[in-house]
Amino acid sequence: MRLILLGPPGAGKGTQAQRLVHKHGIVQLSTGEMLRAAVAAGTPIGLKAKDIMASGALVPDDVVVGIIADRIEEPDAKKGFILDGFPRTVPQAAALDELLKKKHLKLDAVVELRVNESALLERVETRVAQMRERGEEVRIDDTPEVLSKRLASYRAQTEPLVHYYSEKRKLITVDGMMTIEQVTAAINRVLAALEADSAAKAEKKAAARKPAKARKPAGKAKAATAAKGTGKAAKKSAKKAVKKAAKATARKAKKASKPAGKAVKGRKKTAAKAKSRAAGTRTVKTRKVAKKATKKGAKTVKRLTKRR
């Protein structure tokens, strides 16, 4: 995680930086300390800074950026870092962006501790008054007068960074007037949300980078393996299905033929009955006619006998 802490003098940046270092295992990089370390180590950029500092001039931005470039390459900065005291101006911020871009790194967030300047001045005044009452020595740079000058310098040079990083959607603003614990909790919540979002985006990007061709053969291979493994089973299932269908068709045909057979038998019986009835009717009629003829013949014979 790579962070920048913004805020006027007395906002509590040093306290929160130490807590972030402990929580995330990252290093706090102070430009002053980095300059002194580079000079002591005798690095090319350190020697250049030494000559400039010896002359009493301000170290130019390109030298400071060069020292930062060397420092973030060291092993303890691999997990990330918090920049303390840099950038102080918009040109320094732009130079830092170019440095990180060349190293294929990105700034995760810029945490602004927003405070009330009047409240900061009151705090300093109270602290100085209490130190004097106790007879303690007051530091020259820890007075309301010095703080007022430092606040004016912050507004003129560093405060424009709030707008700069806000446009880049890197700015996180936290109320620095809360208690130390509350400020720490607020920062941790926002950073945890950022980490989760970054992890989700990285996973999505990694999935999108997979070549389409690489994904297709994998799908085909799976299909081929599945087809091969189920080929025999499919054939057996097909044969069983055919036999089952044939048996079902035969049963349906047999059932369909039974009513037809019954109908034929019924029709035959009906025809036989009708024939028998017809025959019986004809017999009865023949008998009646014969009987009538016999009677008529008897009468005729009788008449003839009388005539004789």
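Rules used in this analysis
- Residues numbered from 1 in each chain as written.
- Predicted model: local features only at pLDDT ≥ 70, side-chain atom pairs only at ≥ 80, totals over all residues.
- Heavy atoms only, no water.
- Phe/Tyr/Trp six-rings, centres within 6.5 Å; stacked < 30°, edge-to-face > 60°.
- Pairing = 2+ DSSP bridges.
- Helix = DSSP H or I, 4+ residues; strand = E, 2+ residues; numbered from the N terminus.
- Axes fitted to C-alpha atoms, helices over the stretch in contact; angles between N-to-C directions.
- Contact = heavy atoms within 4.5 Å.
- Buried < 20%, exposed > 50% of the residue type's maximum accessible area, 1.4 Å probe, protein only.
- Lys, Arg positive; Asp, Glu negative; His and termini not counted.
- Salt bridge = Lys/Arg side-chain N within 4 Å of Asp/Glu carboxyl O.
- Nonpolar A, V, L, I, M, F, W, Y, C, P; charged D, E, K, R; others polar.
- Polar contact = N/O pair within 3.5 Å; in protein donor to acceptor, adjacent residues only side chain to side chain.
- UniProt positions renumbered as here; feature names shortened; annotations may be inferred.

### Remarks on the packing of aromatic side chains
In this structure the tally under the stated criterion is 1 aromatic pair. Ring centres of Tyr164 and Tyr165 lie 5.1 Å apart, and the angle between their planes is 85°; on these two criteria the pair is classed as edge-to-face.

### Some details on the sheet that holds strand β2 (residues 27-30)
Read across the open sheet, the 5 strands follow the order β2-β3-β1-β4-β5; overall the sheet is parallel. Strand pairing shows two members of the sheet lacking a second neighbour, β2 and β5 (171-175), which therefore form its edges. Within the sheet, the average angular offset between the axes of one strand and its neighbour, ignoring direction, is 25°. Examined bridge by bridge, strand β4 (residues 109-114) and β5 share 5 bridges and lie parallel to one another. Residue Leu113 lies in a different strand from β5, and its bridge partner there is Val174. In this fold helix α8 (residues 160-167) packs onto β1 (2-6), β4 and β5, with an angle of close to 145° to the strand it touches most, β1.

### A few points about the side chain of Lys13
Counting through the fold element by element, Lys13 comes out in helix α1 (residues 13-24). It is Asp84 that comes nearest to the buried, bridge-free Lys13 among opposite-charge side chains, at 6.0 Å. Not counting the four nearest positions on each side in its chain, Lys13 is found in contact with Leu5, Leu6, Gly7, Pro8 and Leu113.

### Re unusual backbone geometry
In this structure, Pro87 follows Phe86 across a cis peptide bond, with omega equal to 0°. Take Pro87: it is sitting in the loop between β3 (81-84) and α5 (90-102). Unusually for a residue other than glycine, His104 sits at a positive phi of about 60°. If you trace the backbone, His104 turns up in the loop between α5 and β4.

### Concerning the packing of α5 against α8
With their axes 9 Å apart at the nearest point, α5 and α8 run at an angle of 35° to one another. Between α5 and α8, the contacting residues are Val90, Ala93, Ala94, Leu96 and Asp97 on the first element and Pro160, Leu161, Tyr164 and Tyr165 on the second. When grouped by side-chain class, the residues that make up the contact of α5 with α8 number 8 nonpolar, no polar and 1 charged.

### Quick notes on the side chain of Thr184
As for its position among the elements, Thr184 is in helix α9 (residues 180-209). One polar contact links Thr184 to Gln16, side chain to side chain, over a distance of 2.8 Å. What Thr184 contacts, discounting residues up to four positions off in sequence, is Gln16 and Arg19.

### Some remarks on the UniProt feature "binding site: ATP" (unreviewed entry) in the protein chain
Under the UniProt annotation, "binding site: ATP" (unreviewed entry) lies at Gly10, Ala11, Gly12, Lys13, Gly14, Thr15, Arg134 and Met178. Mapped onto the secondary structure, Ala11 falls in the loop between β1 and α1. A residue is classified by how much of its surface remains accessible, and Ala11, at 9% relative accessible area, is buried. If we skip the residues at most four places from it in the chain, Ala11 touches Leu113, Val115 and Gly176. Take Lys13: its relative accessible area is 19%, and that puts it in the buried class. Of note is the side chain of Lys13, whose polar atom sits 2.8 Å from the backbone oxygen of Gly7.

### Here we look at the packing of helix α7 (residues 144-158) against α8
The contact between α7 and α8 brings their axes to 5 Å, and the two run at 35°. Counted together, Arg155, Ala156, Gln157 and Thr158 of α7 and Pro160, Leu161 and Val162 of α8 form the full contact between these two elements. Across the contact of α7 with α8, the residue classes break down as 4 nonpolar, 2 polar and 1 charged.

### Some words on the pattern of salt bridges
Taken as a whole, this structure holds 11 salt bridges when the rule is applied. Its salt-bridge partner being Lys78, residue Glu73 comes within 3.9 Å of it at the nearest N-O pair. Judged by relative accessible area, Glu73 falls into the partly exposed class, the value being 43%. A relative accessible area of 55% places Lys78 in the exposed class. Each of Arg71, Glu74 and Asp76 takes part in salt bridges that share partners, so that together they form one network.

### Some points on the environment of Val21
Relative to the assigned elements, Val21 resides in helix α1. A C-alpha to C-alpha distance of 9.3 Å links Val21 and Gly80, two positions 59 residues apart in sequence. Residues within four places of Val21 in sequence aside, it is in contact with Ile26, Val27, Gln28 and Ile82.

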